[in-house]
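Coordinate analysis (summary)
Listed below, chain by chain, are the residues.
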Amino acid sequence: MENDPIAARLGAVYPELPPGERAVVRVLLDDYPFAALGSLRALAERAGVSPPTASRLFDRLGFGGFAAFQAAVRHGARDRSQLLEHVAGPTNLGQAAEDLRAGLDGTLAAVPESLCNKVAALLAEARTVWALGGPLSELAAEYLIRQLASLRPGAHRVPDPAPARARTVLDLGPSDVVVAYDFRRYSPDTARFVRAAHERGARLVLVTDAWGSPLAAQAEVLISLPREASGPIAPLAHEIAVTELLLVAAAALLAPARRLADLDKLTRSLS
């Protein structure tokens, strides 16, 4: 999708759009190109807007209406299918590697040192740190907590069952930090926990994409990452790379040498 000019155009105009048209763009990009191939009414319903609101998006983009937009999407999909028939596997892998390098460069550039240091201070000073993510980004949350728990006490993954989450929220307050990884097809479970934690006063670090998680307004620190990949594989490497930066910055504040030595000694004694 990243090489499709129409998808790229949708992504480029997204920050400038009013909320209703942004919702339409999110639906289109979440299920591209298939979301564009149904009726205008069906697209509007999926986005939670009226058909006239959806229609204004395509006029704004210069297509002269939804039918012309659909025709352009179909033409692009057909061209990509024909191209894929003539591209060998090794070439695809080579392009994927180049896309990964470019994506990592863009991701790391989106997290300047000042932002890393701000998150690091929260991770180091919080009474407890809780992390969670969606179906894939939960792996980044797990990685954060596994590493952070070696550096300081009180670092935990948010549990899955609702009763356990309720007990977690019950004890949260302004001295606690929640780190949420939330990307397109934003997780309702993540949103419910974060909103409940926010109501208890917990502070939120949100790692999300450029499309704007619905939790962005509640974040004390917002890290917005470009989401670029070659083919259908979501770029988890980007999230892990940013998590590594945050951990390095936090470790510099925590000075965990004694704790790591004790951990290593205990690990050997329990093995």
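See the structure above.
I will try to describe carefully the structure that is included in this document.

Reading the values: the criteria
- Residues numbered from 1 in each chain as written.
- Predicted model: local features only at pLDDT ≥ 70, side-chain atom pairs only at ≥ 80, totals over all residues.
- Heavy atoms only, no water.
- Helix = DSSP H or I, 4+ residues; strand = E, 2+ residues; numbered from the N terminus.
- Axes fitted to C-alpha atoms, helices over the stretch in contact; angles between N-to-C directions.
- Parallel < 35°, antiparallel > 145°, perpendicular 65-115°, else oblique.
- Contact = heavy atoms within 4.5 Å.
- Nonpolar A, V, L, I, M, F, W, Y, C, P; charged D, E, K, R; others polar.
- Polar contact = N/O pair within 3.5 Å; in protein donor to acceptor, adjacent residues only side chain to side chain.
- Buried < 20%, exposed > 50% of the residue type's maximum accessible area, 1.4 Å probe, protein only.
- Right-handed = clockwise from strand over helix to strand, strands pointing away.
- Pairing = 2+ DSSP bridges.

**Focus on the environment of alanine 67**
The topology assignment puts alanine 67 in helix 5 (residues 66–84). Residues alanine 67 and alanine 36, spaced 31 residues apart in sequence, show a C-alpha to C-alpha distance of 9.8 Å.

**Focus on the packing of helix 3 (residues 40–47) against helix 4 (residues 51–60)**
Two numbers describe how helix 3 lies on helix 4: the axes approach to 8 Å, and their chain directions differ by 105°. Put simply, helix 3 runs roughly perpendicular to helix 4. Each of Leu40, Arg41, Leu43 and Ala44 in helix 3 lies in contact with helix 4, whose residues at this interface are Pro51, Ala54, Ser55 and Phe58. For the contact of helix 3 with helix 4, the class distribution of residues is six nonpolar, one polar and one charged.

**Focus: the side chain of threonine 53**
Structurally, the position occupied by threonine 53 is in helix 4. Looking at threonine 53, its side chain comes within polar contact range of the side chain of serine 50, at 3.0 Å. In this structure, threonine 53 is in contact with Gly20 and Glu21, ignoring residues within four places of it in sequence.

**Details of the pairing of strand 1 (residues 129–133)**
Within a regular beta strand, the side chains point alternately toward one face of the sheet and then the other, so they alternate between its two faces. Buried residues dominate strand 1, accounting for five of its five residues. Residues Val129, Ala131 and Gly133 line one face of strand 1 and the alternating positions Trp130 and Leu132 line the opposite face, and both faces are buried. Considered for its hand, the β-α-β crossover made up of strand 1, helix 8 (residues 138–151) and strand 2 (residues 155–157) is right-handed. With five bridges joining them, strand 1 and strand 3 (residues 177–182) adopt parallel strand pairing. Of the residues in strand 3, the one forming a bridge with leucine 132 is alanine 180.

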